[in-house]
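# Survey of secondary and tertiary structure
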Amino acid sequence: FWKPTLIRDGRLMETTMQDYGPDMLTDYICEFIKKEAKTEAPFIAFYSMVLAHSAHCVTPIEVAAGMAPSNKHYWKHKPEGMKMFKSQVAYLDRLVGQVVDTVEAAGVADNTIIIYASDNGTTSSSKGRGVEYGVHVPFVVAGAGIKQRGLAPVLMDFTDVLPTLADFAGADIPADQP
């Protein structure tokens, strides 16, 4: 996470241990939203947040409290690791808030859908398995006109998202597409 290896516009970025990858990625998506919102043309922004994910290392929260930036991995099943995991979740929440604030400040909140989801469940031993921990993930959809429902006990699949987004955009899905 600290001193990340990132490529921007086809070029390897120079980074230092003062650069935190999740901040850089969030700044990039926020810049993109501001730029595209000015064009008044429809756009889609896809942002794969890397938090909270292994390695569980210090975040800017700990750095602001006096720790040095470090990529030292703390195992989540140990107390210090759980502390770092919770810090990553808290910092992730700040970054999602930054994206939402950018959408609002850009004046496109009334015509925007934000989907927040995870790629796998809460334990690495359940990743890729059809067990509760492997499929128990957040899937939040918010935006103008989206009805608030709360928790749903049913499974969903990301293939369900395409027709929903196409409907929102007023687009048709070609008949020859599955």
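It should be emphasised that the depicted structure is a prediction, and the values quoted were computed from it without experimental measurement.

Quick look at the overall build of the chain now. From N to C terminus, the chain includes 5 helices and 4 strands. For the chain, the succession of helices and strands along the chain, N to C, is β-β-α-α-α-β-α-β-α. For the chain, restricting intrachain contacts to residue pairs at least 6 apart in sequence, the fraction spanning at least 24 positions comes to 53%. Here the chain has roughly 12700 Å² of accessible surface; of this, 56% comes from carbon and sulfur atoms.

If you look at the biggest cluster of nonpolar residues, it comprises 11 residues: Phe1, Trp2, Tyr20, Leu51, Cys57, Val58, Tyr74, Met84, Tyr91, Leu92 and Leu95. In terms of nonpolar packing, the next biggest core, distinct from the first, is built from 7 residues, Ile29, Cys30, Ile33 and Val99 among them.

A separate point is unusual backbone geometry. Phi is positive for Lys3, close to 55°, though the residue is something other than glycine. On the basis of relative accessibility, which here comes to 46%, the residue Lys3 falls in the partly exposed class. If you check the backbone angles, Asp9 has positive phi at about 55° while not being a glycine. Within the secondary structure, Asp9 is located in the loop between strand 1 (7-8) and strand 2 (11-12).

Once that is clear, we can look at the packing of aromatic side chains. According to the stated counting rule, one finds 4 aromatic pairs in the structure shown. Measuring from centroid to centroid gives 6.2 Å for Phe1 and Tyr20, while their planes differ by 40°, and the two rings are tilted. Of this pair, Phe1 sits in the segment before strand 1 while Tyr20 sits in the loop between strand 2 and helix 1 (21-37); the two residues are 19 residues apart in sequence, bridging distant segments of the chain. The same class applies to Phe1 and to Tyr20, which are both buried.

For the rest of this paragraph, the subject is a nonpolar patch on the surface. A contiguous nonpolar surface patch, about 460 Å² in accessible area, is contributed by Ile115, Phe139, Val141, Ile146, Met156 and Phe158. Look at Met156 and you get partly exposed, because its relative accessible area is 36%.

All right, on to helix 1 then. When the terminal C-alpha atoms of helix 1 are compared, their 24 Å separation across 17 residues agrees well with the 24 Å that a helix rising 1.5 Å per residue should span. Where helix 1 is concerned, the buried positions are Gly21, Pro22, Met24, Thr26, Ile29, Cys30, Ile33, Glu36 and Ala37. The elements touched by buried residues of helix 1 are helix 3 (79-105).

Note that Thr15 resides in the loop between strand 2 and helix 1. For Thr15, the side chain forms a polar contact with the main-chain oxygen of Pro4, separated by 2.8 Å. Once residues lying within four places of it in the same chain are set aside, the contact partners of Thr15 are Lys3, Pro4 and Met24.

Another point: the confidence of the model for the chain. Mean pLDDT over the chain stands at 84; residues scoring 70 or higher make up 88%. When mean pLDDT is taken per element in the chain, helix 2 (residues 60-64) scores highest with 96 and helix 4 (residues 132-135) scores lowest with 60.

Bringing the environment of Glu80 into the picture now. If you trace the backbone, Glu80 turns up in helix 3. Separated by 23 residues in the primary sequence, Glu80 and Cys57 place their C-alpha atoms 9.7 Å from one another.

Relative to the helices and strands, Pro22 resides in helix 1. Residue classification places Pro22 among the buried positions, given a relative accessible area of 0%. Taking the C-alpha atoms as reference, Pro22 lies 6.6 Å from Val50; in sequence the two are 28 residues apart. Sequence-distant contacts of Pro22, defined by excluding residues within four places in its chain, comprise Phe1, Tyr47, Val50, Leu51 and Leu95.

Cut-off values and rules
- Residues numbered from 1 in each chain as written.
- Predicted model: local features only at pLDDT ≥ 70, side-chain atom pairs only at ≥ 80, totals over all residues.
- Heavy atoms only, no water.
- Helix = DSSP H or I, 4+ residues; strand = E, 2+ residues; numbered from the N terminus.
- Contact = heavy atoms within 4.5 Å.
- Areas by Shrake-Rupley, 256 points an atom, 1.4 Å probe, with all protein chains shown as cover.
- Core = buried A, V, L, I, M, F, W, Y, C linked by side-chain atoms within 4.5 Å.
- Buried < 20%, exposed > 50% of the residue type's maximum accessible area, 1.4 Å probe, protein only.
- Phe/Tyr/Trp six-rings, centres within 6.5 Å; stacked < 30°, edge-to-face > 60°.
- Patch = residues over 30% accessible without salt bridge, like charges linked within 9 Å, V, L, I, M, F, W, Y side chains within 5 Å.
- Salt bridge = Lys/Arg side-chain N within 4 Å of Asp/Glu carboxyl O.
- Expected span 1.5 Å × (residues − 1).
- Polar contact = N/O pair within 3.5 Å; in protein donor to acceptor, adjacent residues only side chain to side chain.
- pLDDT = per-residue confidence, 0-100.

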